Amino acid sequence: MEISGIISAIVIGLIIGLLARLILPGRQHIGIIWTVVVGIVAALIGTALAAAFGVADTDGVDWIELLLQLVLAIVGVAAVDRVKVRT
């Protein structure tokens, strides 16, 4: 993964984290900072998984990679929310 890939994963992670929070039903008990952090981590892991599966570099928009990142972000936001509610 090159530096440009990491930077783009971070920018996309910001958007992915916010989308994940919007998609999850109900109110989340985590702040925007945690949402963005989860989105960035999900974007980086999603990019790595897409590269491992060989779907990271396609012609046009990498829809499978974006879907992987979004699913990981949704799971991450739900997990962090659940941990924050219990503490």
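Cut-offs used in this document
Throughout this document, residue positions are counted from 1 along each chain, in the order its sequence is written. It should be noted that, the model being predicted, local features are given only for residues of pLDDT at least 70 and side-chain atom pairs only at 80 or more, the latter also being counted only at that level, while totals for whole chains, interfaces and linings use all residues. Only hydrogens and water are set aside when side-chain values are computed; all heavy atoms of the structure are taken into account. Helix and strand labels come from DSSP, where a helix needs a run of H or I of at least four residues and a strand needs a run of E of at least two; each type is numbered from the N terminus. In this description the radius of gyration comes from C-alpha coordinates, and the expected globular size is given by 2.2 Å times residues to the power 0.38. For the exposure calls, accessible area comes from a 1.4 Å probe over protein chains only, and a residue counts as buried if that area is under 20% of its type's maximum, exposed if over 50%, partly exposed in between. Pairs of residues are marked as contacts when any of their non-hydrogen atoms sit within 4.5 Å. Surface accessibility follows the Shrake-Rupley procedure with a 1.4 Å probe radius. Residue values consider only the protein chains on display as shielding. Like charges within 9 Å and nonpolar side chains (Val, Leu, Ile, Met, Phe, Trp, Tyr) within 5 Å are joined into patches, using only residues over 30% in relative accessible area that form no salt bridge. Definition used for salt bridges: Asp or Glu carboxyl oxygen within 4 Å of a side-chain nitrogen of Lys or Arg. Throughout, nonpolar core names a set of buried Ala, Val, Leu, Ile, Met, Phe, Trp, Tyr and Cys residues whose side chains join them through atoms within 4.5 Å. A fitted line through C-alpha atoms serves as each axis, taken over the contacting stretch for helices, and the angle formed by two N-to-C directions is quoted from 0 to 180°. Under this scheme an angle from 65 to 115 degrees is roughly perpendicular, one under 35 degrees roughly parallel, and one over 145 degrees roughly antiparallel; angles in between are oblique. In a left-handed crossing the near helix is turned counterclockwise from the far helix by less than a right angle, and in a right-handed crossing that turn is clockwise. One less than the number of residues in a helix, times 1.5 Å, gives the span that helix is expected to have.

Engineer: Describe the overall build of the chain, with residues and values.
Structural biologist: The number of helices and strands found in the chain is 3 helices and 0 strands. For the chain, the N- to C-terminal ordering of α and β elements is α-α-α. Against the globule reference of 12 Å for 87 residues, the chain gives a C-alpha radius of gyration of 13 Å, in line with a compact fold. C-alpha extents for the chain along the principal axes are approximately 40 × 25 × 20 Å. In the chain, buried positions account for 31% of the 87 residues. Taking as baseline every contact in the chain between residues at least 6 positions apart, the subset at least 24 positions apart corresponds to 67%. When the accessible surface of the chain is totalled, it reaches about 5,600 Å², and 73% of it is carbon and sulfur.

Engineer: Could you give an account of a nonpolar patch on the surface, naming the residues involved and the relevant values?
Structural biologist: On the surface, a nonpolar cluster with roughly 900 Å² of combined accessible area is contributed by Ile-3, Ile-6, Ile-7, Ile-10, Val-11, Leu-14, Ile-15, Leu-19, Leu-22 and Ile-23. On the secondary structure map, Leu-14 appears in helix α1 (residues 3-23).

Engineer: Give a detailed account of the nonpolar core, specifying residues and quantitative values.
Structural biologist: In this structure, Ile-16, Ala-20, Leu-24, Ile-30, Val-38, Ala-42, Leu-70, Ala-73 and Val-77 together form the largest nonpolar core, which totals 9 residues. Breaking this core down by element, the ones donating at least two residues are α1, α2 (32-53) and α3 (63-86). In terms of residue count, the dominant contributor to this core is α3 (3 residues). Ignoring any residue separated from it by four or fewer positions in sequence, one finds Leu-70 in contact with Ile-16, Leu-19, Ala-20 and Ile-23.

Engineer: Any chance you could break down the packing of α2 against α3 for me, citing the residues and the numbers?
Structural biologist: Direction vectors running N to C along α2 and α3 enclose 140 degrees, while the axes themselves pass 8 Å from each other. It follows that α2 is oblique to α3 by the angle criterion. In terms of crossing hand, the pair formed by α2 and α3 is right-handed. On the side of α2, the interface is formed by Trp-34, Val-38, Ala-42, Ala-43, Ile-45, Gly-46, Thr-47, Leu-49 and Ala-50, while α3 contributes Glu-65, Leu-68, Gln-69, Leu-72, Ala-73, Gly-76, Val-77, Val-80 and Lys-84.

Engineer: Could you give an account of α3, naming the residues involved and the relevant values?
Structural biologist: Spacing of three or four residues puts side chains on the same side of an α-helix, whose turn is 3.6 residues. The end-to-end C-alpha separation of α3 is 35 Å, in line with the 34 Å expected for 24 residues at 1.5 Å each. Of all the positions in α3, only Glu-65, Gln-69, Leu-70, Ala-73, Gly-76, Val-77 and Asp-81 are classed as buried. Among the structural elements, α1 and α2 are those in contact with the buried residues of α3.

Engineer: Before we move on, could you go through the packing of α1 against α3 and cite the residues and values that matter?
Structural biologist: Two elements in contact, α1 and α3, have axes whose closest approach is 8 Å; the angle formed by their N-to-C orientations is 60 degrees. In terms of their interaxial angle, α1 and α3 are classed as oblique. α1 and α3 meet at a crossing whose hand is right-handed. Judged by residue contacts, Ile-12, Ile-16, Gly-17, Leu-19, Ala-20 and Ile-23 of α1 engage Leu-66, Gln-69, Leu-70, Ala-73, Ile-74 and Val-77 from α3.

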